Amino acid sequence: MSTTERTWVGPTAPERLAILGRTKSIAIVGASDKPSRASYFVATYLLSSSRYRVYFVNPVATEILGQPVYKSLADLPEVPDLVDVFRRHDDLPSVLEETLAIGAKTIWLQLGSWHEEVAAKAEAAGLAVVMDRCVKIEHARFHGGLHLAGFDTGVISSKRQVLA
């Protein structure tokens, strides 16, 4: 993450909900086949708890969670609505270029990712932009699946459950 001051203002919660609501397909750029990586956890959640078609982009891996992995966004079988980015800060401008080239509608930079220039250029090109937020957390938050451990407990209560 850059140490520059944050001036960009992202979409509000209702706007993020609308983005997720109109999204049908998500490409995870920088997807990993390592269970310890955040992208793997997000992928597991999206495949099991969402209606999205999920694609993995990684130039090295060949399969993640039983799904094929594509070398680039251009190799995907369809244009994803949302490009979820798990890449280093310095790689973000090139990921934006790929995103623009294929015609995706949203670029979403994961927790810890913030790039003012990428946001400005993406918005100028008509893309929706979300930075420093997790697709999994936001989806779960809006769909009742958020719990301290990150899983749906099936319990709706404002009180902590006491187990005897």
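Placed above this text is the structure.
Rules of the game
- Residues numbered from 1 in each chain as written.
- Predicted model: local features only at pLDDT ≥ 70, side-chain atom pairs only at ≥ 80, totals over all residues.
- Heavy atoms only, no water.
- Helix = DSSP H or I, 4+ residues; strand = E, 2+ residues; numbered from the N terminus.
- Contact = heavy atoms within 4.5 Å.
- Buried < 20%, exposed > 50% of the residue type's maximum accessible area, 1.4 Å probe, protein only.
- Arc of directions from axis to C-beta.
- Pairing = 2+ DSSP bridges.
- Axes fitted to C-alpha atoms, helices over the stretch in contact; angles between N-to-C directions.

**What about the environment of Asp132?**
For step 1, the next point in the chain: Secondary-structure assignment places Asp132 in the loop between strand 7 (128-130) and helix 5 (135-142).
For step 2, the next point in the chain: Placed 20 residues apart in sequence, Asp132 and Gly112 show a C-alpha to C-alpha distance of 5.1 Å.
For step 3, the next point in the chain: Residue contacts for Asp132: discarding those within four places in its chain leaves Arg6, Leu109, Gln110, Leu111, Gly112, Ser113 and Trp114.

**Looking at helix 4 (residues 116-124)**
For step 1, the next point in the chain: Every buried residue of helix 4 is accounted for by Glu116, Val118, Ala119 and Ala122. All buried residues of helix 4 project into a common sector of 160 degrees when viewed along the axis, lining one side. Away from its buried face, by an angle of more than 90 degrees, helix 4 presents the exposed residues Glu117 and Ala124.
For step 2, the next point in the chain: For helix 4, the elements touching its buried residues are helix 3 (92-102), strand 6 (106-109) and strand 7.
For step 3, the next point in the chain: The first or second residue beyond helix 4 is Gly126, which carries a positive phi of 95 degrees.

**Focus on the sheet that holds strand 7**
For step 1, the next point in the chain: The mixed open sheet is built from 7 strands, whose spatial order is 3-4-2-1-5-6-7. This sheet does not close on itself; its edge strands, each paired only once, are strand 3 (63-64) and strand 7.
For step 2, the next point in the chain: Sitting on the sheet, helix 2 (residues 38-49) is in contact with strand 1 (25-29), strand 2 (53-57), strand 3, strand 4 (67-70) and strand 5 (82-85), with an inclination near 165 degrees to strand 1.
For step 3, the next point in the chain: Docked against the sheet, helix 3 engages strand 1, strand 5 and strand 6, running at close to 165 degrees with respect to strand 5.

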